[in-house]
Amino acid sequence: MSTERTIAVMKFGLVATAGFALTFLPLDRARAEFEVQESTIDAGEIQLQYRGAGHTGLSKSDDDEDEKPLRQSQEFELQMSPTSHWLLAFTQGYTVPDGETFDINAIEFETQVEIITLEGDGFGFAMQGGMEQGVGNAPEGSGDFHFGPIFEYGQGDFLLTNDILFFDEFGPDSEPGVWGVEYSLQAAYNVTDRLMLAVEAFGEAEDLSSTSFQEQEHYIGPAFYFTWGEDDDEALIEASERGVPGKYDEFTVSFGVLFGLTDASSDVAAKVFVGYEFN
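Residues numbered from 1 in each chain as written. Predicted model: local features only at pLDDT ≥ 70, side-chain atom pairs only at ≥ 80, totals over all residues. Heavy atoms only, no water.

1. Observations concerning the overall build of the protein
Test applied: Labels follow the DSSP assignment, with helices taken as runs of H or I lasting at least four residues and strands as runs of E lasting at least two, numbered in each case from the N terminus. Each residue's exposure class comes from its accessible area (1.4 Å probe, protein chains only) as a fraction of the maximum for that residue type: buried when under 20%, exposed when over 50%, partly exposed otherwise. When checking whether two residues touch, look at their non-hydrogen atoms; a contact exists if any pair is within 4.5 Å. Note on areas: Shrake-Rupley with a 1.4 Å probe; residue coverage comes only from the protein chains shown.
Of regular secondary structure, the protein possesses two helices and 12 strands. Counted from the first residue to the last, the protein has its helices and strands arranged as α-β-β-β-β-β-β-β-β-β-β-α-β-β. Counting all 279 residues of the protein, 41% fall into the buried class. Nonlocal contacts in the protein, meaning residues at least 24 apart in sequence, comprise 61% of its contacts between residues at least 6 apart. Put simply, the protein shows about 14,700 Å² of open surface, and 59% of that area lies on carbon and sulfur atoms.

Next up, the structure:
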């Protein structure tokens, strides 16, 4: 690894650590699944991602058999793109259940296939799927299988992204054949080449057949994304015309505030994202 790339990875670590600290607040519950996955895949690209979340205003359950609420949670993800239409991802999740210490909670393997490439104005479409295995402080033998589509629509500086993920949980406390769904919806506007403003919505229903709306988690709120690094569009286009992948590295930092819409949702949630991508 070159000295410049080593320094860049160290910067990612420092910024991700800062984001990690932001979510270590006296909150009632947290989950880091506030992710918006894009459909576009760039050949040879590697992405390092950190996602953290913290919630406040969610009352605890009176049922001792329910999972303990989380003070905060973190996810660290590595994405690699062997081709321009295939992506592999490995994720580690960490949580701090109420009254317990920081520990790994899950490992996840995913793959994504790009089917329709978004180029300029128009549509993009991809399919993703994977498996999550509970470890550490998670219930023994717990996990899930999941899959679903990714839709994107671009028009000028506007971009609409919708991820839908169906999941089937397994483990001692799960019911066989009960499917749930989670989603993310992002309407984004590129203010400049570096700054993007967005309105985002996230939700999850653990049982599509019987869960009422108020028992589901749904959130909506604003977020900003700021990007910087060595990403010269003209140089990348010139390299592409020669059939040679252009070299780049880029950082992205994001912060958002989400507001709960149902009884099962927290009143307010804070989300942090730090990403570093290069080829």
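2. Here's the deal with the pattern of salt bridges
Filter applied, for reference: When a carboxyl oxygen of Asp or Glu lies within 4 Å of a side-chain nitrogen of Lys or Arg, that pair is called a salt bridge.
Enumeration according to the criterion identifies five salt bridges in this entry. Where R51 meets E35, a salt bridge forms, and the shortest distance between an N and an O atom there is 3.6 Å. Here R51 is found in strand β1 (residues 46–56), whereas its partner E35 is found in the loop between α1 (3–22) and β1, with 16 residues between them in sequence. You can call E35 partly exposed: its relative accessible area is 21%.

3. Some details on the packing of aromatic side chains
To keep it simple, the criterion reads: For Phe, Tyr and Trp, where Trp contributes only its six-membered ring, two rings pair if their centres lie within 6.5 Å, and the inter-plane angle classes them as stacked under 30 degrees, edge-to-face over 60, or tilted in between.
In this structure the tally under the stated criterion is 14 aromatic pairs. For the pair F147 and W179, a centre-to-centre distance of 5.9 Å together with 80° between the ring planes defines the contact as edge-to-face. Of this pair, F147 sits in strand β6 (residues 143–155) while W179 is found in strand β8 (residues 179–190), placing the two residues 32 residues apart along the sequence. A relative accessible area of 41% means that F147 is categorised as partly exposed. Overall, the relative accessible area of 35% leaves W179 in the partly exposed class. What links up through ring pairs into an aromatic cluster is the set F226, W228, F251, Y276 and F278.

4. As for the nonpolar core
Condition: The set of buried Ala, Val, Leu, Ile, Met, Phe, Trp, Tyr and Cys residues whose side-chain atoms join them within 4.5 Å is what this entry labels a nonpolar core.
Residues F34, A53, F202, Y219, L258 and A269 constitute the largest nonpolar core, which totals six residues. Look past the residues within four positions of F34 in its chain and what remains in contact with it is R51, A53, H55, F202, Y219, L258, A269 and K271. In terms of nonpolar packing, the next biggest core, distinct from the first, is built from five residues, A188, A198, A223 and Y225 among them.

5. Notes on empty space enclosed by the protein
Here is the rule we go by: With a 1 Å grid laid over protein atoms only, a set of points is called a cavity when a 1.4 Å probe fits there but cannot get out and a pocket when it is open yet has protein on both sides within 12 Å along at least five of seven lines; lining residues have an atom within 4 Å of a point. Grid points are joined across faces, edges and corners, and a volume is the space filled by probe spheres set on the points.
Enumeration over the complete set of coordinates arrives at two cavities of 30 Å³ or more. In this structure, the largest cavity spans a volume of roughly 60 Å³. Lining of the largest cavity is provided by E35, Q37, E77, Q79, L87, A89, E110, T111, Q112 and Q128. If you list the elements that add at least two residues to the lining of the largest cavity, you get β2 (70–83), β3 (86–97) and β4 (103–116). The element contributing the most residues to the lining of the largest cavity is β4, with three residues.

6. Quick notes on the side chain of Q37
Operational definition: N or O atoms within 3.5 Å of each other form a polar contact, as long as, within protein, one can give a hydrogen and the other can take it, and as long as residues adjacent in sequence are counted only when both atoms are side-chain atoms.
Following the sequence through the fold, Q37 ends up in the loop between α1 and β1. One polar contact links Q37 to Q79, side chain to side chain, over a distance of 3.3 Å. If we skip the residues at most four places from it in the chain, Q37 touches Q79, L87, Q112, Q128, I150, T161 and D163.

7. Re the environment of D157
Following the sequence through the fold, D157 ends up in the loop between β6 and β7 (158–170). Overall, the relative accessible area of 41% leaves D157 in the partly exposed class. If we ignore the near neighbours within four places in the chain, the residues touching D157 are A188, Y189 and N190.

8. Describing the pairing of β6
A regular strand places its side chains so that they alternate between the two faces of the sheet. Here is the rule: Between any two strands, pairing holds if DSSP finds at least two bridges.
In this structure, strand β5 (residues 122–134) lies alongside β6, joined through 12 bridges in antiparallel fashion. Across the sheet, residue G130 finds its bridge partner in β6, namely H146. Note: β6 against β7, 11 bridges, orientation antiparallel. Note on β7: the bridge partner recorded for F145 is D168.

9. Re the confidence of the model for the protein
In plain terms, the rule: The predictor's confidence in any single residue is recorded as pLDDT, a number from 0 to 100.
With 75% of its residues at a pLDDT of 70 or more, the protein shows a mean pLDDT of 81. Low pLDDT, under 50, characterises residues 18–32; the stretch is placed with 53 contacts to residues that sit more than four places away or in other chains.

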